[in-house]
Amino acid sequence: MGVKKFIESVKESLGLDEFEKAGKKKSIKRLLEKLKSKKEILDKTAKKKLDKKEKKELKEELAIITLQIKKGEKILDGLSTKSLETSKTKKEK
């Protein structure tokens, strides 16, 4: 058995791939929480009286944050789907 195959078999038996995915999931969840809290703050700020320039900047920032939230949720769903597929594959073996 080569070194590469040995490392892969140890990773598989210890479930280290799942550990890395879990770490990525946690990081993305934290980022999403921060983005959502920032969005709430901006929503509250939008209700205040602002001049046109500030309102435009605020709307742009809200649009960017909303887009990033959607991207983050999509990535998180992708990671969840992959982890479910791998766990099903492992159970079949």
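Residues numbered from 1 in each chain as written. Predicted model: local features only at pLDDT ≥ 70, side-chain atom pairs only at ≥ 80, totals over all residues. Heavy atoms only, no water.

Structural notes on the overall build of the protein
Our working rule: A helix here means a DSSP run of H or I that spans at least four residues, while a strand means a run of E at least two residues long, and both kinds are numbered starting from the N terminus. Exposure categories follow from relative accessible area, calculated using a 1.4 Å probe and restricted to protein chains: below 20% of the type maximum is buried, above 50% is exposed, and the middle band is partly exposed. A contact between two residues is defined here by any heavy atoms of the two lying within 4.5 Å. Under the convention used here, a 1.4 Å probe and the Shrake-Rupley method define accessible areas, while residue burial counts only the protein chains that appear.
When helices and strands are tallied, the protein shows 3 helices and 0 strands. The secondary structure elements of the protein, listed N-terminal to C-terminal, are α-α-α. The buried share of the protein, taken over its 93 residues, is 13%. Looking at the protein alone, contacts between residues at least 24 apart form 73% of all its contacts between residues at least 6 apart. Surface exposure of the protein reaches about 8100 Å², of which carbon and sulfur atoms provide 58%.

Regarding the confidence of the model for the protein
Which entries qualify depends on this criterion: A residue's pLDDT is simply how confident the predictor is in it, with values from 0 to 100.
The predicted model of the protein has a mean per-residue pLDDT of 83, with 86% of residues at 70 or higher. Helix H1 (residues 3-14) is the least confidently modelled element of the protein, averaging 81 in pLDDT, while helix H2 (residues 16-46) averages 86, the highest of any element.

Describing the pattern of salt bridges
Threshold: We define a salt bridge as a side-chain nitrogen of Lys or Arg found within 4 Å of a carboxyl oxygen belonging to Asp or Glu.
If you walk through the whole model with that rule in mind, you get 2 salt bridges. Close ionic contact of glutamate 73 with lysine 36 constitutes a salt bridge, the shortest N to O distance being 3.5 Å. With glutamate 73 in helix H3 (residues 52-92) and lysine 36 in helix H2, this pair connects stretches of sequence that are 37 residues apart. Look at glutamate 73 and you get partly exposed, because its relative accessible area is 32%. By relative accessible area, lysine 36 is classed as partly exposed at 38%. One salt bridge in this structure joins lysine 38 and glutamate 61, with 3.7 Å as the shortest N-O distance. With lysine 38 in helix H2 and glutamate 61 in helix H3, this pair connects stretches of sequence that are 23 residues apart. Assessed through its relative accessible area of 35%, lysine 38 is described here as partly exposed.

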